[in-house]
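Overview (structure and organization)
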Amino acid sequence: ILNVEQSPQSLHVQEGDSTNFTCSFPSSNFYALHWYRWETAKSPEALFVMTLNGDEKKKGRISATLNTKEGYSYLYIKGSQPEDSATYLCAFNRAAGNKLTFGGGTRVLVKP
Amino acid sequence: DTAVSQTPKYLVTQMGNDKSIKCEQNLGHDTMYWYKQDSKKFLKIMFSYNNKELIINETVPNRFSPKSPDKAHLNLHINSLELGDSAVYFCASSQLNRAYEQYFGPGTRLTVT
């Protein structure tokens, strides 16, 4: 059984503040770690795919890091804005497989 | 241009009926998937097809049968619908590059009464 865990489950952030949250995954047979952004009533949209230990990816105010040896990834949001409110999902696939196992998500609510 | 489309978006039906959800992708991807968003909002994979061949078949009741007429389409047929089948079903597609990054359809909300 692959357990992909995200914490916290939900997060309230004041507009302008920065925040981060975690995804932990099995470190054996690692292939890739994905982050998705999922707005209410829409479908998940890909943010990042990371494959190498130490990878860092950035898109605007959102960035992510990867530690495959210890099995965790952080997602950072700098200067949160109300439009950042969404559920952020991470997903893991192992050993070049096309099956992604998703975490339960971190729901972020940015308050004006 | 819609990359991954699903029809219908909403489906309300009675227990015992048979229904289908259709999915089409115009991205040229080789692999397509069906996911179920469960009651706890988790996304759980159900099936995956690569070039019309079934490659992932999770523990799903055999009332659910995927069909892929070509690599751009993956339909989901559900027989003898039960109350517990009520959920949002997402279709997705991917390609090998970018580690099978998923492109999701808009989802189909199925309600069984």
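Residues numbered from 1 in each chain as written. Chains lettered and ligands numbered in written order. Predicted model: local features only at pLDDT ≥ 70, side-chain atom pairs only at ≥ 80, totals over all residues. Heavy atoms only, no water.

1. Section: the overall build of chain B
Looking only at helices and strands, chain B has zero helices and eleven strands in total. Listed N to C, the secondary structure of chain B is β-β-β-β-β-β-β-β-β-β-β in terms of helices and strands. In terms of overall size, chain B behaves like a compact globule, its C-alpha atoms giving a radius of gyration of 13 Å where 113 residues would be expected to give roughly 13 Å. Dimensions of chain B, computed from the C-alpha atoms along their principal axes, are close to 40 × 30 × 30 Å. Each of the 113 residues in chain B was classed as buried or not, and the buried ones make up 45%. Taking as baseline every contact in chain B between residues at least 6 positions apart, the subset at least 24 positions apart corresponds to 53%. Roughly 5,700 Å² of accessible area belongs to chain B as shown, and the carbon and sulfur atoms make up 48% of that amount. (Helix = DSSP H or I, 4+ residues; strand = E, 2+ residues; numbered from the N terminus. Rg over C-alpha atoms; globule rule 2.2 N^0.38 Å. Buried < 20%, exposed > 50% of the residue type's maximum accessible area, 1.4 Å probe, protein only. Contact = heavy atoms within 4.5 Å. Areas by Shrake-Rupley, 256 points an atom, 1.4 Å probe, with all protein chains shown as cover.)

2. Some remarks on the pairing of strand E3 (residues 19-25) of chain B
All names here are of chain B. Here strand E1 (residues 4-7) runs beside E3; their pairing, made up of four bridges, is antiparallel. Across the sheet, the residue bridging to Thr 7 is Lys 22, located in E3. Sheet topology note: the E3/strand E8 (residues 73-78) ladder contains four bridges and is antiparallel. Considered in E8, the bridge of Ile 21 is made with Leu 76. (Pairing = 2+ DSSP bridges.)

3. A word on the interface of chain B and chain A
With 22 residues of chain B at the contact, the number on the chain A side is 21 residues. Carbon and sulfur atoms supply 62% of the area that chain B and chain A bury against each other, a total of about 1,700 Å² over both sides. The interface formed by chain B and chain A includes one salt bridge. Here Glu58(B) makes a salt bridge to Lys99(A), at a shortest N to O gap of 3.0 Å. (Buried area = accessible area lost by both parts, 1.4 Å probe. Salt bridge = Lys/Arg side-chain N within 4 Å of Asp/Glu carboxyl O.)

4. A closer look at the sheet that holds strand E7 (residues 62-67) of chain A
Residues and elements named next belong to chain A. Read across the sheet, five strands follow the order E1-E3-E8-E7-E6 without closing on themselves; strand pairing throughout is antiparallel. Each having just a single partner strand, strand E1 (5-7) and strand E6 (56-59) make up the two edges of the open sheet. Within the sheet, the average angular offset between the axes of one strand and its neighbour, ignoring direction, is 15°. Two elements, E6 and E7, share four bridges in a ladder whose sense is antiparallel. Pairing of Glu 56 across the sheet is with Thr 65, part of E7. (Axes fitted to C-alpha atoms, helices over the stretch in contact; angles between N-to-C directions.)

5. A word on the sheet that holds E3(B)
Residue and element names in this part refer to chain B. In space, the four strands of this open sheet follow the order E1-E3-E8-E7, with antiparallel pairing throughout. Strands with a single pairing partner mark the edges of an open sheet, and in this sheet they are E1 and strand E7 (64-70). Taken pair by pair, the neighbouring strands of this sheet meet at an average axis angle of 20°, ignoring direction.

6. Concerning the environment of Leu110(B)
Residues and elements named next belong to chain B. Turning to its location among the elements, Leu 110 is positioned in strand E11 (residues 108-112). The class for Leu 110 is buried, based on a relative accessible area of 2%. In this structure the C-alpha to C-alpha distance between Leu 110 and Glu 53, which are 57 residues apart in sequence, comes to 26 Å. Not counting the four nearest positions on each side in its chain, Leu 110 is found in contact with Leu 11, Thr 13, Ile 78, Leu 81, Asp 85, Ser 86, Ala 87 and Tyr 89.

7. Comments concerning the side chain of Asp84(A)
Of note, Asp84(A) is situated in the loop between strand E8 (72-77) and strand E9 (86-94). Once residues within four sequence positions are removed from consideration, Asp84(A) is found in contact with Arg37(A), Arg61(A), Ile77(A), Gly79(A), Val108(A) and Val110(A).

8. What to know about the state of the cysteines
Enumeration over the complete set of coordinates arrives at two disulfides over all chains. Bridging Cys23(A) to Cys90(A), the disulfide has an S-S length of 2.0 Å. In this structure, the disulfide formed by Cys23(A) and Cys90(A) twists by about 75° around the S-S bond and is classed as right-handed. Taken together, the positions of Cys23(A) in strand E3 (residues 19-24) and Cys90(A) in strand E9 put the pair 67 residues apart, joining distant regions of the chain. Each member of the pair, Cys23(A) together with Cys90(A), is buried. At a sulfur-sulfur separation of 1.8 Å, the disulfide partner of Cys23(B) is Cys91(B). Between Cys23(B) and Cys91(B) the disulfide shows an S-S torsion of about -75°. By sign, it is left-handed. Within this pair, whereas Cys23(B) is found in strand E3, its partner Cys91(B) is found in strand E9 (residues 87-94), the two being separated by 68 residues in sequence. We note that Cys23(B), like Cys91(B), is buried. (Disulfide = S-S within 2.5 Å.)

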